[in-house]
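# Summary of the model geometry
Given next are the chains, with one letter for each unit.
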Amino acid sequence: MELESILLPGVSDKRPIIIAGPCSAETEEQVMTTAKDLAKREIKIFRAGIWKPRTKPGGFEGVGSEGLAWLQKVKRETGMYVATEVANKKHVFETVKHGIDIIWIGARTSVNPFAVQEIAEALQVSGFMGIVLIKNPVNPDLELWIGAIERVYNAGIRKIGIIHRGFSTYDKKLYRNLPQWHVPIELKRRIPNIPIFSDPSHIGGKRELIASISQQAMDLNYDGLIIESHCNPDCAWSDKEQQITPDILSYILSMLVVREAKQTTENLEQLRQQIDEIDNELLGILAKRMRVSQEIGQYKKEHNMPVLQTVRYDEILENRISQAEKMGVGAGFMKTLLEAIHEESIRQQIEMLNK
Ligand code: PEP
Ligand code: MN
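Just so it is clear, the structure is predicted and the values come from calculations on it, not from any experiment.

What follows concerns the site of ligand 1. The environment of ligand 1 is formed by C23, R47, K52, E85, W104, G106, A107, R108, K135, R165, H202 and E228. R165 has a polar side-chain atom sitting 2.6 Å from an oxygen atom of ligand 1. Relative to its unbound accessible area of 290 Å², ligand 1 is 99% covered by the protein chains. Partitioned by chemical class, the residues of the shell around ligand 1 number three nonpolar, two polar and seven charged.

See below:
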(Lines give C-alpha, C1' and ligand atoms only; values in the text may rest on other atoms or scores of the structure.)
(Ligands and ions follow the chains in the order given, each with its own letter.)
Protein backbone atom coordinates (compact mmCIF):
# COMPACT_ATOMS: atom_id res chain seq x y z
CA MET A 1 0.00 0.00 0.00
CA GLU A 2 1.23 3.46 -0.92
CA LEU A 3 0.33 5.32 2.25
CA GLU A 4 1.07 8.96 3.02
CA SER A 5 2.51 10.18 6.31
CA ILE A 6 -0.03 10.97 9.01
CA LEU A 7 2.26 13.51 10.66
CA LEU A 8 0.47 16.79 11.27
CA PRO A 9 2.08 20.24 11.30
CA GLY A 10 2.84 21.22 14.89
CA VAL A 11 2.63 17.64 16.20
CA SER A 12 5.97 16.14 17.24
CA ASP A 13 7.23 13.29 15.09
CA LYS A 14 8.54 11.53 18.19
CA ARG A 15 6.73 8.44 19.38
CA PRO A 16 4.08 8.27 20.74
CA ILE A 17 1.60 10.47 18.90
CA ILE A 18 -1.07 11.15 21.52
CA ILE A 19 -4.80 11.48 20.90
CA ALA A 20 -6.73 12.22 24.07
CA GLY A 21 -10.17 13.35 25.13
CA PRO A 22 -13.41 12.06 26.56
CA CYS A 23 -15.17 8.90 25.47
CA SER A 24 -18.16 11.12 24.62
CA ALA A 25 -18.80 14.78 24.13
CA GLU A 26 -21.46 15.43 26.82
CA THR A 27 -21.84 19.18 27.17
CA GLU A 28 -20.08 22.18 25.71
CA GLU A 29 -18.64 22.93 29.13
CA GLN A 30 -17.28 19.40 29.65
CA VAL A 31 -15.72 19.42 26.17
CA MET A 32 -14.09 22.84 26.59
CA THR A 33 -12.84 22.24 30.14
CA THR A 34 -11.26 18.92 29.19
CA ALA A 35 -9.80 20.26 25.95
CA LYS A 36 -8.24 23.32 27.58
CA ASP A 37 -6.67 21.22 30.32
CA LEU A 38 -5.26 18.78 27.74
CA ALA A 39 -3.95 21.60 25.55
CA LYS A 40 -2.16 23.05 28.58
CA ARG A 41 -0.36 19.70 28.88
CA GLU A 42 0.87 19.75 25.29
CA ILE A 43 -1.73 17.34 23.91
CA LYS A 44 -2.24 18.27 20.27
CA ILE A 45 -5.04 15.98 19.14
CA PHE A 46 -8.42 15.92 20.87
CA ARG A 47 -10.87 13.03 20.63
CA ALA A 48 -14.57 12.93 21.56
CA GLY A 49 -17.34 10.57 20.51
CA ILE A 50 -20.36 12.39 19.03
CA TRP A 51 -22.37 9.29 18.07
CA LYS A 52 -21.89 6.45 20.54
CA PRO A 53 -22.47 2.81 19.66
CA ARG A 54 -23.82 1.33 22.89
CA THR A 55 -24.10 -2.37 23.57
CA LYS A 56 -27.59 -2.04 25.05
CA PRO A 57 -30.42 0.35 24.18
CA GLY A 58 -31.32 3.02 26.67
CA GLY A 59 -27.71 4.07 27.27
CA PHE A 60 -26.31 7.45 26.31
CA GLU A 61 -26.00 7.39 22.53
CA GLY A 62 -24.11 10.62 22.06
CA VAL A 63 -25.15 14.24 21.64
CA GLY A 64 -25.17 14.00 17.84
CA SER A 65 -24.34 16.74 15.34
CA GLU A 66 -24.73 19.50 17.92
CA GLY A 67 -21.43 18.36 19.46
CA LEU A 68 -19.54 18.95 16.22
CA ALA A 69 -19.81 22.69 16.81
CA TRP A 70 -18.11 22.15 20.20
CA LEU A 71 -15.24 20.35 18.45
CA GLN A 72 -14.94 23.31 16.06
CA LYS A 73 -14.72 25.55 19.09
CA VAL A 74 -11.96 23.35 20.56
CA LYS A 75 -10.03 23.79 17.32
CA ARG A 76 -10.54 27.54 17.32
CA GLU A 77 -9.73 28.16 20.96
CA THR A 78 -6.94 25.65 21.63
CA GLY A 79 -5.42 25.02 18.19
CA MET A 80 -5.76 21.27 18.73
CA TYR A 81 -6.67 18.93 15.91
CA VAL A 82 -9.98 17.13 16.49
CA ALA A 83 -11.03 13.53 15.99
CA THR A 84 -14.33 11.68 16.18
CA GLU A 85 -15.95 8.36 15.28
CA VAL A 86 -18.19 7.78 12.26
CA ALA A 87 -20.44 4.78 11.72
CA ASN A 88 -22.43 5.69 8.59
CA LYS A 89 -22.45 8.09 5.64
CA LYS A 90 -24.49 10.75 7.40
CA HIS A 91 -21.79 10.93 10.09
CA VAL A 92 -19.13 11.28 7.39
CA PHE A 93 -20.89 14.17 5.63
CA GLU A 94 -21.54 15.93 8.95
CA THR A 95 -17.96 15.58 10.19
CA VAL A 96 -16.46 16.72 6.90
CA LYS A 97 -18.80 19.73 6.85
CA HIS A 98 -17.56 20.67 10.33
CA GLY A 99 -13.86 20.42 9.43
CA ILE A 100 -13.00 17.43 11.62
CA ASP A 101 -9.34 16.50 11.03
CA ILE A 102 -9.31 12.83 12.00
CA ILE A 103 -12.08 10.29 11.61
CA TRP A 104 -12.05 6.85 13.15
CA ILE A 105 -14.13 3.82 12.33
CA GLY A 106 -15.17 1.99 15.51
CA ALA A 107 -14.84 -1.69 16.31
CA ARG A 108 -18.57 -2.35 15.92
CA THR A 109 -18.43 -0.81 12.46
CA SER A 110 -15.16 -2.21 11.08
CA VAL A 111 -16.70 -5.64 11.62
CA ASN A 112 -19.32 -4.88 8.95
CA PRO A 113 -18.10 -4.68 5.31
CA PHE A 114 -21.35 -2.98 4.15
CA ALA A 115 -20.94 -0.20 6.71
CA VAL A 116 -17.23 0.26 5.93
CA GLN A 117 -17.95 0.39 2.20
CA GLU A 118 -20.65 3.01 2.77
CA ILE A 119 -18.26 5.11 4.85
CA ALA A 120 -15.45 4.70 2.31
CA GLU A 121 -17.69 5.89 -0.54
CA ALA A 122 -18.95 8.84 1.51
CA LEU A 123 -15.34 9.82 2.27
CA GLN A 124 -14.56 9.72 -1.44
CA VAL A 125 -17.64 11.74 -2.44
CA SER A 126 -16.97 14.37 0.22
CA GLY A 127 -13.28 14.69 -0.78
CA PHE A 128 -12.07 14.18 2.81
CA MET A 129 -8.38 15.11 3.04
CA GLY A 130 -7.74 14.20 6.66
CA ILE A 131 -6.66 11.05 8.45
CA VAL A 132 -8.77 7.90 8.78
CA LEU A 133 -8.04 5.50 11.63
CA ILE A 134 -9.54 2.04 11.51
CA LYS A 135 -10.13 0.19 14.76
CA ASN A 136 -9.84 -3.56 14.84
CA PRO A 137 -13.16 -5.37 14.46
CA VAL A 138 -14.63 -6.71 17.73
CA ASN A 139 -13.62 -10.25 16.77
CA PRO A 140 -9.99 -11.20 16.12
CA ASP A 141 -10.42 -11.58 12.37
CA LEU A 142 -7.30 -10.21 10.72
CA GLU A 143 -8.66 -10.50 7.19
CA LEU A 144 -11.76 -8.51 8.13
CA TRP A 145 -9.55 -5.76 9.59
CA ILE A 146 -7.35 -5.71 6.49
CA GLY A 147 -10.49 -5.75 4.31
CA ALA A 148 -11.72 -2.60 6.05
CA ILE A 149 -8.34 -0.92 5.46
CA GLU A 150 -8.47 -1.88 1.78
CA ARG A 151 -11.99 -0.50 1.36
CA VAL A 152 -10.87 2.87 2.72
CA TYR A 153 -7.69 2.76 0.63
CA ASN A 154 -9.64 1.92 -2.52
CA ALA A 155 -11.75 5.03 -1.92
CA GLY A 156 -8.59 7.08 -2.49
CA ILE A 157 -7.74 7.77 1.17
CA ARG A 158 -3.97 7.64 1.70
CA LYS A 159 -3.59 8.92 5.25
CA ILE A 160 -4.60 5.74 7.01
CA GLY A 161 -3.71 4.39 10.45
CA ILE A 162 -5.03 1.60 12.61
CA ILE A 163 -6.14 1.42 16.23
CA HIS A 164 -5.68 -1.72 18.30
CA ARG A 165 -8.51 -1.68 20.88
CA GLY A 166 -8.60 -5.38 21.75
CA PHE A 167 -11.10 -8.13 21.03
CA SER A 168 -14.42 -8.96 22.70
CA THR A 169 -14.40 -11.60 25.35
CA TYR A 170 -16.97 -13.17 27.62
CA ASP A 171 -14.45 -13.37 30.43
CA LYS A 172 -13.75 -9.79 31.52
CA LYS A 173 -11.74 -10.58 34.65
CA LEU A 174 -8.63 -8.70 33.62
CA TYR A 175 -9.21 -6.99 30.28
CA ARG A 176 -12.42 -5.52 28.93
CA ASN A 177 -11.18 -6.53 25.46
CA LEU A 178 -8.39 -9.08 25.11
CA PRO A 179 -5.30 -7.55 23.50
CA GLN A 180 -4.29 -10.65 21.50
CA TRP A 181 -1.11 -8.80 20.54
CA HIS A 182 -0.27 -11.34 17.83
CA VAL A 183 -3.15 -10.04 15.66
CA PRO A 184 -1.87 -6.44 15.27
CA ILE A 185 1.71 -7.76 15.08
CA GLU A 186 0.72 -9.93 12.10
CA LEU A 187 -1.09 -6.96 10.54
CA LYS A 188 2.08 -4.86 10.83
CA ARG A 189 4.02 -7.67 9.17
CA ARG A 190 1.54 -7.66 6.28
CA ILE A 191 1.29 -3.85 5.95
CA PRO A 192 4.60 -2.65 7.45
CA ASN A 193 4.21 1.06 6.75
CA ILE A 194 0.80 1.52 8.40
CA PRO A 195 0.94 3.61 11.60
CA ILE A 196 -0.52 1.84 14.62
CA PHE A 197 -2.15 3.30 17.71
CA SER A 198 -2.96 1.47 20.92
CA ASP A 199 -6.22 2.18 22.72
CA PRO A 200 -5.37 1.10 26.29
CA SER A 201 -8.65 2.59 27.57
CA HIS A 202 -10.83 0.14 25.65
CA ILE A 203 -8.43 -2.81 25.98
CA GLY A 204 -8.16 -2.52 29.77
CA GLY A 205 -11.54 -1.03 30.58
CA LYS A 206 -10.08 0.31 33.81
CA ARG A 207 -7.82 3.19 34.79
CA GLU A 208 -5.24 1.03 36.54
CA LEU A 209 -4.33 -0.78 33.33
CA ILE A 210 -3.70 2.24 31.11
CA ALA A 211 -0.03 2.72 32.06
CA SER A 212 1.03 -0.90 31.62
CA ILE A 213 -0.80 -1.41 28.32
CA SER A 214 0.63 1.86 26.97
CA GLN A 215 4.12 0.75 27.95
CA GLN A 216 3.65 -2.59 26.25
CA ALA A 217 2.50 -0.79 23.09
CA MET A 218 5.64 1.36 23.19
CA ASP A 219 7.82 -1.73 23.62
CA LEU A 220 6.17 -3.18 20.53
CA ASN A 221 7.09 -0.03 18.62
CA TYR A 222 3.55 1.36 18.25
CA ASP A 223 3.37 4.85 16.78
CA GLY A 224 0.72 6.32 19.03
CA LEU A 225 -1.80 6.07 21.84
CA ILE A 226 -5.45 7.07 21.94
CA ILE A 227 -6.49 7.51 25.56
CA GLU A 228 -9.81 8.54 27.06
CA SER A 229 -9.48 11.56 29.29
CA HIS A 230 -12.28 13.47 31.02
CA CYS A 231 -12.30 16.50 33.30
CA ASN A 232 -14.40 14.56 35.82
CA PRO A 233 -14.16 10.83 35.04
CA ASP A 234 -16.38 9.62 37.90
CA CYS A 235 -19.29 11.57 36.45
CA ALA A 236 -18.71 10.59 32.79
CA TRP A 237 -21.81 9.61 30.84
CA SER A 238 -20.01 6.66 29.22
CA ASP A 239 -17.00 4.45 30.04
CA LYS A 240 -16.35 6.15 33.36
CA GLU A 241 -14.22 3.32 34.83
CA GLN A 242 -11.58 3.76 32.16
CA GLN A 243 -11.33 7.55 31.87
CA ILE A 244 -8.59 9.55 33.54
CA THR A 245 -8.11 13.23 34.24
CA PRO A 246 -5.72 15.21 32.01
CA ASP A 247 -3.48 15.46 35.07
CA ILE A 248 -3.21 11.67 35.50
CA LEU A 249 -2.79 11.31 31.74
CA SER A 250 0.23 13.57 31.67
CA TYR A 251 1.70 11.73 34.67
CA ILE A 252 1.28 8.38 32.87
CA LEU A 253 2.84 9.80 29.71
CA SER A 254 5.79 11.20 31.66
CA MET A 255 6.51 7.72 33.07
CA LEU A 256 6.51 5.96 29.68
CA VAL A 257 9.83 4.54 28.59
CA VAL A 258 10.14 4.95 24.84
CA ARG A 259 12.99 2.91 23.47
CA GLU A 260 14.26 4.05 20.14
CA ALA A 261 13.83 1.54 17.38
CA LYS A 262 17.07 2.33 15.60
CA GLN A 263 20.03 1.56 17.85
CA THR A 264 23.28 -0.22 17.06
CA THR A 265 22.32 -3.74 16.11
CA GLU A 266 25.75 -5.37 15.92
CA ASN A 267 25.32 -7.57 19.01
CA LEU A 268 21.71 -8.13 18.12
CA GLU A 269 22.78 -9.40 14.71
CA GLN A 270 24.98 -12.08 16.27
CA LEU A 271 22.19 -13.20 18.55
CA ARG A 272 19.76 -13.25 15.64
CA GLN A 273 22.16 -15.44 13.71
CA GLN A 274 22.15 -17.86 16.63
CA ILE A 275 18.36 -17.86 16.64
CA ASP A 276 18.35 -18.65 12.90
CA GLU A 277 20.66 -21.61 13.46
CA ILE A 278 18.67 -22.89 16.42
CA ASP A 279 15.42 -22.63 14.48
CA ASN A 280 17.05 -24.61 11.72
CA GLU A 281 18.01 -27.36 14.16
CA LEU A 282 14.56 -27.25 15.71
CA LEU A 283 12.96 -27.75 12.31
CA GLY A 284 15.31 -30.65 11.55
CA ILE A 285 14.43 -32.35 14.84
CA LEU A 286 10.72 -31.75 14.29
CA ALA A 287 10.91 -33.27 10.81
CA LYS A 288 12.78 -36.28 12.26
CA ARG A 289 10.13 -36.72 14.94
CA MET A 290 7.39 -36.66 12.32
CA ARG A 291 9.17 -39.32 10.30
CA VAL A 292 9.41 -41.63 13.33
CA SER A 293 5.78 -40.94 14.13
CA GLN A 294 4.89 -41.97 10.58
CA GLU A 295 6.74 -45.25 11.09
CA ILE A 296 4.72 -45.78 14.25
CA GLY A 297 1.59 -45.04 12.21
CA GLN A 298 2.60 -47.73 9.73
CA TYR A 299 3.11 -50.20 12.57
CA LYS A 300 -0.29 -49.38 14.10
CA LYS A 301 -1.91 -49.87 10.71
CA GLU A 302 -0.30 -53.26 10.15
CA HIS A 303 -1.28 -54.42 13.65
CA ASN A 304 -4.76 -52.98 13.45
CA MET A 305 -4.19 -50.69 16.47
CA PRO A 306 -6.12 -47.43 17.00
CA VAL A 307 -4.13 -44.27 16.32
CA LEU A 308 -4.78 -42.58 19.65
CA GLN A 309 -3.14 -44.31 22.62
CA THR A 310 -4.23 -42.09 25.53
CA VAL A 311 -2.09 -43.73 28.22
CA ARG A 312 1.04 -43.16 26.19
CA TYR A 313 0.02 -39.56 25.42
CA ASP A 314 -0.59 -38.85 29.12
CA GLU A 315 2.83 -40.24 29.94
CA ILE A 316 4.51 -38.08 27.32
CA LEU A 317 2.73 -34.94 28.52
CA GLU A 318 3.58 -35.55 32.15
CA ASN A 319 7.24 -36.44 31.59
CA ARG A 320 8.05 -33.74 29.14
CA ILE A 321 6.32 -31.01 31.15
CA SER A 322 8.20 -31.83 34.34
CA GLN A 323 11.44 -32.08 32.36
CA ALA A 324 10.72 -28.72 30.71
CA GLU A 325 10.12 -27.05 34.06
CA LYS A 326 13.48 -28.27 35.32
CA MET A 327 15.07 -26.70 32.24
CA GLY A 328 13.37 -23.34 32.81
CA VAL A 329 10.75 -23.76 30.07
CA GLY A 330 7.21 -22.83 31.18
CA ALA A 331 4.77 -25.70 31.71
CA GLY A 332 1.91 -23.93 29.92
CA PHE A 333 4.04 -23.26 26.86
CA MET A 334 5.37 -26.86 26.83
CA LYS A 335 1.82 -28.22 27.00
CA THR A 336 0.66 -26.05 24.08
CA LEU A 337 3.70 -27.09 22.05
CA LEU A 338 3.26 -30.82 22.75
CA GLU A 339 -0.44 -30.61 21.98
CA ALA A 340 0.30 -29.03 18.60
CA ILE A 341 2.96 -31.64 17.77
CA HIS A 342 0.71 -34.48 18.92
CA GLU A 343 -2.24 -33.18 16.92
CA GLU A 344 -0.12 -33.13 13.77
CA SER A 345 1.23 -36.67 14.41
CA ILE A 346 -2.30 -37.97 14.90
CA ARG A 347 -3.48 -36.21 11.75
CA GLN A 348 -0.69 -37.78 9.71
CA GLN A 349 -1.31 -41.24 11.18
CA ILE A 350 -5.04 -41.05 10.44
CA GLU A 351 -4.27 -39.94 6.90
CA MET A 352 -2.00 -42.99 6.58
CA LEU A 353 -4.73 -45.31 7.90
CA ASN A 354 -7.09 -44.13 5.19
CA LYS A 355 -4.64 -44.51 2.31
C1 PEP B 1 -14.66 4.75 21.52
O2 PEP B 1 -13.54 4.97 21.05
O3 PEP B 1 -15.20 5.50 22.34
C4 PEP B 1 -15.35 3.50 21.15
C5 PEP B 1 -16.66 3.40 21.12
O6 PEP B 1 -14.48 2.52 20.91
P7 PEP B 1 -14.64 1.04 20.29
O8 PEP B 1 -15.15 1.18 18.90
O9 PEP B 1 -13.22 0.59 20.35
O10 PEP B 1 -15.53 0.26 21.21
MN1 MN C 1 -15.29 4.77 25.12
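Geometrically, a packed helix pair is captured by the angle between its two axes and the distance between the axes. It is at 8 Å that the axes of helix 5 (residues 113-126) and helix 6 (residues 142-154) come closest, and there the two elements cross at 20°. Between helix 5 and helix 6, the angle falls in the class roughly parallel. Crossing hand, helix 5 versus helix 6: right-handed. Residues P113, V116, Q117, A120 and Q124 of helix 5 lie in contact with helix 6, whose contacting residues are L144, A148, R151, V152 and N154. Looking at side-chain class alone, the contact of helix 5 with helix 6 contains six nonpolar, three polar and one charged residues.

Turning our attention to the domain arrangement of the protein chain. By domain assignment, the protein chain separates into domain 1 (17-255) and domain 2 (266-353). On a C-alpha basis, the centroid separation for the pair domain 1 and domain 2 is 43 Å.

Right, let's talk about the sheet that holds strand 5 (residues 131-135) for a bit. Strand order in the closed barrel formed by eight strands is 1-2-3-4-5-6-9-10, with parallel pairing between adjacent strands. Strand-to-strand twist across the sheet, computed as the mean angle between neighbouring axes with direction ignored, equals 30°. The pairing of strand 6 (residues 160-164) with strand 9 (residues 196-198) spans three bridges and is parallel. Each bridged residue has a counterpart across the sheet, and for I163 the counterpart in strand 9 is F197. Against the sheet, helix 6 contacts strand 4 (102-105), strand 5 and strand 6, and its axis sits at roughly 155° relative to strand 6.

Let us now look at helix 6. With 13 residues, helix 6 extends 18 Å from end C-alpha to end C-alpha; this agrees with the ideal 18 Å at 1.5 Å per step. Of the positions making up helix 6, those classed as buried are L142, W145, I146, A148, I149, V152 and Y153. Buried residues along helix 6 cover an arc of 155° about the axis, so they all sit on one side. The distance from a side-chain oxygen at the start of helix 6 to the backbone nitrogen of E143 is 3.2 Å, and the residue carrying that oxygen is D141.

The rules behind each value
- Residues numbered from 1 in each chain as written.
- Chains lettered and ligands numbered in written order.
- Predicted model: local features only at pLDDT ≥ 70, side-chain atom pairs only at ≥ 80, totals over all residues.
- Heavy atoms only, no water.
- Near = heavy atom within 4 Å.
- Polar contact = N/O pair within 3.5 Å; in protein donor to acceptor, adjacent residues only side chain to side chain.
- Areas by Shrake-Rupley, 256 points an atom, 1.4 Å probe, with all protein chains shown as cover.
- Nonpolar A, V, L, I, M, F, W, Y, C, P; charged D, E, K, R; others polar.
- Axes fitted to C-alpha atoms, helices over the stretch in contact; angles between N-to-C directions.
- Helix = DSSP H or I, 4+ residues; strand = E, 2+ residues; numbered from the N terminus.
- Parallel < 35°, antiparallel > 145°, perpendicular 65-115°, else oblique.
- Left-handed = near helix turned anticlockwise from the far one by under 90°.
- Contact = heavy atoms within 4.5 Å.
- Domains from an automatic or database assignment.
- Pairing = 2+ DSSP bridges.
- Expected span 1.5 Å × (residues − 1).
- Buried < 20%, exposed > 50% of the residue type's maximum accessible area, 1.4 Å probe, protein only.
- Arc of directions from axis to C-beta.

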